Structure formats: C-alpha cells, structure tokens
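# Report on the structure
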Amino acid sequence: MQPVMTKEELLTKLENKNPKADIALVGKAYDFAEIAHKDQRRKSGEPYITHPMAVANTLIELEMDDATIAAGLLHDVPEDTSITLIDIRKEFGPEVGRLVRGITKLGQLKYRGIERYIENLRRMFVAMAKDIRVIVIKFADRIHNLETLEALPPEKRERIAMESLEIYSPIANRLGMGEIKGRIEDLSFPHVSPDEYEWLKKKVASRYKEVDGQIKTLSNEVTDILDEESINYVSVHGRAKHYYSLYKKLMENNRDLSKIYDLVALRIVVNDVSSCYEVLGIIHQEFKPLKGRIKDYIAQPKPNGYRSLHTTVFTHQGEIVEIQIRDPEMHNEAEYGIAAHWHYKEKDETKKIKEKTLWIDQLSKMQQEFRDEDQYLESLKIDIFHTRIFVFTPKGDVIDLPEDATPVDFAYHIHTDIGHHCNGAKVNDQICTLETKLKSGDVVDISTDKNRKGPSEDWLNFVKTNTAKSRIRSWINKKRKDSLQRILTQ
Ligand code: MN
C-alpha cells in the first residue's frame, strides 16, 4: 500500500516528474477536494482525502497531464458531497469539468445481475470513446480501492477483485497498459483465489531466488559484451514476471515451473530500433538461442501495440533465460500504453490515439446494433476479452481481428462491398475456402465477383466479427423486406 502523502509531497513529486506542470491548478484541486470531503472517512477510518490523493499519485506516476491529475483529485466530489459538477466546471474550467463528469457518469461498476453489468460496460465504452483519460482515472481509482480492500467485508472484497480481473484488466491490456494491468491483477488475485495464491507464493519463492541469481550473472556478462562491442545501452536489468500472469502461464503448462523461462527476464533497453537488432545478433553469437522462441514484435507488433524483440537463450551455465530487447519509446509504450500519449514530452498525438482506439468507438456504437443483451455480451467477449490475431493485406497493411476469424471477416473489415461480393480467398498464396480460420501473420487476398448478388446466409454460421455479422444480417433483412414489398405491390 502507498504511504499517506502530504499535499506538499504530492506537488513536489509532480514538479520533479514534470517541471512544466501547472502546480497551481493541481494544488487548487487538492484544496477543493480536501474541503469538500472534510467530514468523510474511508472504510479504513482514514480521512477521505487519502483516496483522491492516492489516485492523483498514480496519475502522476503515469505522467498524465495536469487536467487528468486535477480531475483525479476531484473524482469523488460530485458523487459524495453537496458540491455539483457545475461548481467544479466554474472553478476549474470545461476540460477538468468534462473529465470529472465522465467519471461520475460512469458511477460505480457494480456486479448486480447481468443486466446492470452490461449496462455498466456500455457506459464505460461510451465514456472511453469520448475521452480515454476517463478510464485511466478509473484505473487509478480501482488500484487504490484494491489496495484498501482489507477494510471491506470478505464477500465484497471478492466481488470487487473478480470484477477487476474480468473487466478492468482485459481493458488495460487492450489499451497496452502493461504495468497497470499487472498491478490490477496482482492486487485482485489473492482475494479471488486465496489458496491458489498461497500455493504459488510457496512454489515460486525458492525458484525465484535461484533465477534472480542467474539473471544477475547474465546481466553482468551482457553489459561486458555490449561494452566490448561499443554499444550504448540505456539499461540492462532483470524483470520479474507479475504473479497473476505467471499463475495463468503455469495453468497452461500443467503447473510445471521448469517450463517457464521468463519468471525473471533480462530486459535490455538500447537507444534505437537498429541497435535492438544489432544487440539480438550479438546475443545470439554469444548465447545459443532456443529454437522457435525468437519473436520479432517490432516488425509484427502485438494487436495491443506491444513492441520488443524476444529471444530465449542458454546461458553459459546451461540455464534457459528469456531476453527482451527494446528502445525507450517501446519501453514507455509497453508500460503505459495509451497513457504514454499524454506524457508531457509528446504533443500532437491526437491522430495516433484516434487510430489506436478505433475499436473503442466501434464498441460504443455496437450498443445501437445489438439491442439483445446476450448478443451484446457475446460480441464484447469476442471483441476484447478474447485473443486477437493480426493478418496482412497483400500490400502489407495490418488488420486486427478476433481469434478464428475467417476470410469473410477480413473482407467485411476492409469494406462492406468487398464483403458482400467476395467469392474466394488466397491465404499465403494458397487457395482456401471462405470459412478457413486465419492465423496471425497470414497474408490474405480476397477475390470478388461483381455479379454476385450478395452474401450467403450460411456465412453467419462461421463469421466471428460483429461487423461481418451485422452487415450480413442487414443485407438479408433488406432482401426479405424488398421481396415482401414486391409481393405486396404485385
Ligand atoms: Mn474513488
């Protein structure tokens, strides 16, 4: 748990992180929140202000902008006190006002039956589509609530922790916020599966010490080699895997810890992309790589934007260790994801953010297409909670699709007309059926037939994306209506 800070400590921390920060604005937001919450206490008995303070502290660590930090301090004011959103807007201007309003509208995500749950998800995506910073504040809020769960009765603890694992962590992952995702999961895990957590802690403890020692030795060897080759590096250090992701990986590997090569990985940060490849080459000359474990996420980033080179090698002592190589920009994005674009260092990133968050827009619009609750939940699960694959057009553009998507999904993703008229596909230059399941890295070439009347109803049996489903359905509905019309006017 974070120690309780004073206002001065918070402002000093902000100023150290960002000398250009608007200290006056953040200080004013603090004073405003402190007065507004002055008669309230947290369930733990602490003064309420400790909560917005912890939220602001996390937002400062994420290097968010001034308006977001101020909104973090004010986020519970309209909900819990007599002060209104209009007062906040008057005092802090429209931007802070909008952010606080976004969080207030989001309300508390409470798991009260499936309908409420879906309604909450909808509200969340609508808020995210308007301003993604709202969800970043919500993450910081959730992290502190998880850190202080002990003050709540056990059933409530489990519910909040479960919700965090099922809703917040997949969204953080999809936004590329690796550090936040890891923190949310590690804080939730002990409350959701206390026995499993204890088991893992015991199992890992001794092995962890061993691996940590191996990494230290390897790290010294690597820095010596880099010095010899006159390669400038930013840092070389060991990085322990987050507990919960370790647990999930163990479950996939029959609980066999010896199969996990990245319990602690060696992370090498160098100045630029070409140095990344150069270092990979040097590493492979010195340490024999394990077959099939070299991953170039720079040339082919993960769907959430993650970039790095990964390789697994045999050390001189015969141990197997994972090495990750990246530049500072990749590092920043891997830790902070979408939040990295609000860092004070980077401006005019609006277009980039728009492209990266297109899927949020789609999700928020989906609520109009899917009136049926079950359908909506099913499609949400496919769109964010499932693994995504990335495939290529013949020109090399990357298309992000859900797992098991088919050439028809691909065609509709490109354009509705291409979807309606597609009659064949080549995957990696091989002719394939339209229901072939695509895999990451496939190059997909769709052939169309102008004379084709439209999609086949059978396609609904195998398409995976909501775009394809809804386009096919609406074409079929229209056709039915048209023929009905013809019959009626005959
Ligand atoms: Mn709160």
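Up top is the structure.
This section reports on the structure supplied with the text. Small disclaimer: the values here were computed from a predicted structure and weren't measured.

## Let's talk about the pairing of strand 5 (residues 320-326)
Burial of strand 5 is extensive: six of the seven residues sit out of reach of the surface. Pairing geometry for strand 2 (residues 264-270) and strand 5, over four bridges, is parallel. When the sheet's bridge partners are listed, I268 is paired in strand 5 with I325.

## Overview of the coordination of the manganese ion
For the manganese ion, the protein coordination sphere consists of H51 (NE2), H75 (NE2), D76 (OD) and D141 (OD), at 2.2 to 2.3 Å. Positions of the donor residues of the manganese ion, expressed as sequence spacing, correspond to H-x23-H-D-x64-D. Within this pair, whereas H75 is found in the loop between helix 4 (66-74) and helix 5 (77-80), its partner D141 is found in helix 8 (residues 133-147), the two being separated by 66 residues in sequence. With relative accessibility at 5%, the residue D141 sits in the buried group.

## Describing the pattern of salt bridges
Per the counting criterion, the structure on display carries 26 salt bridges. Residue R133 pairs with D131 through a salt bridge whose shortest N-O separation is 2.9 Å. Linking K241 and D262 is a salt bridge whose minimum nitrogen-to-oxygen distance equals 3.2 Å. Pair noted here: K241 is in the loop between strand 1 (233-240) and helix 12 (243-252) and D262 is in the loop between helix 12 and strand 2, with a separation of 21 residues, a long-range link.

## Remarks on unusual backbone geometry
At D404, a position not held by glycine, the phi torsion is positive, near 70°. As for its position among the elements, D404 is in the loop between strand 7 (398-402) and helix 18 (407-414). For D404, a relative accessible area of 31% corresponds to the partly exposed category. The phi torsion at D429 lies on the positive side, around 70°, for a residue other than glycine. Position of D429 relative to the elements: it lies in the loop between strand 8 (422-427) and strand 9 (430-432).

## Side note on the sheet that holds strand 10 (residues 444-448)
An order of 9-8-10 is seen for the three strands of this open sheet, with the pairing classed as antiparallel. Of all the strands in the sheet, the pair left with one neighbour each is strand 9 and strand 10. Looking at each pair of strands side by side, their axes are set apart by 30° on average, direction ignored. Looking at chain direction, strand 8 and strand 10 are connected through five bridges and run antiparallel. Among the inter-strand pairings, V427 is bridged to a residue of strand 10, identified as V444. Sheet strands touched by helix 18: strand 8 and strand 10. Its angle to strand 10, the strand with the most contacts, is close to 80°.

## Thoughts on the environment of D400
Its place among the elements puts D400 in strand 7. Sequence separation between D400 and K302 is 98 residues, and the spatial gap between their C-alpha atoms is 9.3 Å.

## So, the packing of helix 10 (residues 178-192) against helix 11 (residues 194-228)
The interhelical angle for the contact between helix 10 and helix 11, taken along N-to-C directions, is 115°, at an axis separation of 5 Å. Between helix 10 and helix 11, the contacting residues are F189, P190, H191 and V192 on the first element and P194, E196, Y197 and L200 on the second. Looking at side-chain class alone, the contact of helix 10 with helix 11 contains six nonpolar, one polar and one charged residues.

## Some remarks on the packing of helix 2 (residues 23-36) against helix 6 (residues 85-106)
Between helix 2 and helix 6, the shortest axis-to-axis distance is 11 Å and the interhelical angle comes to 165°. What the angle tells us is that helix 2 and helix 6 run roughly antiparallel. You can see that helix 2 and helix 6 cross each other, and the crossing is right-handed. The segment helix 2 lies against helix 6, with L25, K28, A29 and F32 engaging I88, E91 and F92. Classifying every residue of the contact of helix 2 with helix 6 by side-chain character gives five nonpolar, no polar and two charged.

## Focus: the nonpolar core
Grouped together as the largest cluster of nonpolar side chains are 101 residues, with contacts concentrated most on L74, F139, L175, M177, V222, I268 and I325. Considering every element that reaches this core, the biggest residue donor is helix 11, with nine residues. Not counting the four nearest positions on each side in its chain, F139 is found in contact with Y168, I171, A172, L175, M177, I180 and I184. Residues A411, A425, V427 and L434 belong to the second largest nonpolar core, which totals 22 residues.

## Observations concerning the packing of aromatic side chains
Applying the stated criterion across every chain yields a total of eight aromatic pairs. Geometrically, the ring pair formed by F139 and Y168 is edge-to-face, given 6.2 Å between the ring centres and 70° between the ring planes. Here F139 is found in helix 8, whereas its partner Y168 is found in helix 9 (residues 154-174), with 29 residues between them in sequence. With respect to burial, F139 and Y168 carry one shared label: buried. Between the aromatic rings of F189 and Y247, the centroid separation amounts to 4.8 Å while the plane-to-plane angle is 35°, which identifies the pairing as tilted. With F189 in helix 10 and Y247 in helix 12, this pair connects stretches of sequence that are 58 residues apart. By way of ring pairs, the aromatic residues F189, Y197, Y243, Y244 and Y247 are connected into one cluster. Sitting over the ring of F92, K28 keeps its end group 5.1 Å from the ring centre.

## Description of the side chain of T393
Mapped onto the fold, T393 is located in the loop between strand 6 (388-392) and strand 7. Overall, T393 belongs to the buried group, its relative accessible area being 9%. Excluding residues within four positions of it along the chain, T393 makes contact with I399, F410, I414, V443 and V444.

About the thresholds
- Residues numbered from 1 in each chain as written.
- Predicted model: local features only at pLDDT ≥ 70, side-chain atom pairs only at ≥ 80, totals over all residues.
- Heavy atoms only, no water.
- Buried < 20%, exposed > 50% of the residue type's maximum accessible area, 1.4 Å probe, protein only.
- Helix = DSSP H or I, 4+ residues; strand = E, 2+ residues; numbered from the N terminus.
- Pairing = 2+ DSSP bridges.
- Donors = N, O, S within 2.8 Å, 3.2 Å for Na, K, Ca; no water.
- Salt bridge = Lys/Arg side-chain N within 4 Å of Asp/Glu carboxyl O.
- Axes fitted to C-alpha atoms, helices over the stretch in contact; angles between N-to-C directions.
- Contact = heavy atoms within 4.5 Å.
- Nonpolar A, V, L, I, M, F, W, Y, C, P; charged D, E, K, R; others polar.
- Parallel < 35°, antiparallel > 145°, perpendicular 65-115°, else oblique.
- Left-handed = near helix turned anticlockwise from the far one by under 90°.
- Core = buried A, V, L, I, M, F, W, Y, C linked by side-chain atoms within 4.5 Å.
- Phe/Tyr/Trp six-rings, centres within 6.5 Å; stacked < 30°, edge-to-face > 60°.
- Lys NZ or Arg CZ within 6 Å of the ring centre and 35° of its normal.

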